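One letter stands for each residue in the lines below.
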Amino acid sequence: MQNIAADATRDASQLLDRAWAGPFGVDVPVDPVSIARSLGVDVFTANLDMGVAGLLVKRAGQDPAIYLNANDSENRQRFTCAHELGHYIRRSGNDDEGWEYVDRRDQLSSAGTDPEERYANGFAAQLLMPEHEVRSQAKKFDAAALAYTFGVSLEAMNNRLATLRIARD
């Protein structure tokens, strides 16, 4: 499990450095849709089946696409996009244009039992809530203010703070 978490953190950090960081570090909130599009991944909102937050679809010889549930909140869509982007980064690492993959982000994705889902969730957490920025800002703000600043749900921020072992009063 540790290698999966370390791989997800490393990969998301590298992507942030390449695609999002400015001269003064990472600006938050991070826009995963802009990052995806900069990589050639189309992002759409659509009316998806109940319980499905998003999809990553990649067919051989075609550009990948991420579909976000139009009925979800903006913060949920952002996390789902970052999660699906994690799947894309993991799968596309071999430079094989012929790969195919379809992932459905549903309620089981957050259960933490599947290694690929753990990777994608860890990737999304690091992408949207970069460790250095969270640690820096956690000294000044409570969890609700951090969630607002990073554009994530309070639940996602509390999970991130726990994962990073940042104690809260």
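Refer to the structure printed above.
Source: prediction; values computed, not measured.

The rules we used
Residues numbered from 1 in each chain as written. Predicted model: local features only at pLDDT ≥ 70, side-chain atom pairs only at ≥ 80, totals over all residues. Heavy atoms only, no water. Core = buried A, V, L, I, M, F, W, Y, C linked by side-chain atoms within 4.5 Å. Buried < 20%, exposed > 50% of the residue type's maximum accessible area, 1.4 Å probe, protein only. Helix = DSSP H or I, 4+ residues; strand = E, 2+ residues; numbered from the N terminus. Contact = heavy atoms within 4.5 Å. Salt bridge = Lys/Arg side-chain N within 4 Å of Asp/Glu carboxyl O.

Colleague: I'm lost on the nonpolar core in this one. Help?
Modeller: Soluble globular proteins tend to bury their nonpolar side chains together. With 39 residues, the main nonpolar core has Ile66, Leu85, Phe123, Leu127 and Met129 as its most contacted residues. Put simply, the parts of the chain that give this core at least two residues each are helix H1 (2-19), helix H2 (32-38), strand E3 (65-69), helix H3 (74-92), helix H4 (115-128), helix H5 (131-138), helix H6 (143-150) and helix H7 (154-163).

Colleague: Quick question: what am I supposed to make of the environment of Ala12 here?
Modeller: The topology assignment puts Ala12 in helix H1. Overall, Ala12 belongs to the buried group, its relative accessible area being 0%. Taking the C-alpha atoms as reference, Ala12 lies 5.3 Å from Leu127; in sequence the two are 115 residues apart. Once residues lying within four places of it in the same chain are set aside, the contact partners of Ala12 are Phe123, Gln126 and Leu127.

Colleague: Sorry if this is basic, but what is going on with the pattern of salt bridges here?
Modeller: When their charged atoms lie close together, side chains carrying opposite charge are able to pair. Under the criterion given, the structure shown has five salt bridges. Of the charged contacts in the structure, one is a salt bridge between Asp7 and Arg10, with a shortest N-O distance of 3.2 Å. Of the two residues, Asp7 and Arg10 are both situated in helix H1; the distance of three residues between them amounts to about one turn of the helix. The partly exposed category is assigned to Asp7, whose relative accessible area is 23%. The class of Arg10 is partly exposed, set by a relative accessible area of 40%. The closest approach of N and O atoms between Glu116 and Arg90, which form a salt bridge, is 3.5 Å. Of this pair, Glu116 sits in helix H4 while Arg90 sits in helix H3; the two residues are 26 residues apart in sequence, bridging distant segments of the chain. Judged by relative accessible area, Glu116 falls into the partly exposed class, the value being 22%. A residue is classified by how much of its surface remains accessible, and Arg90, at 30% relative accessible area, is partly exposed.

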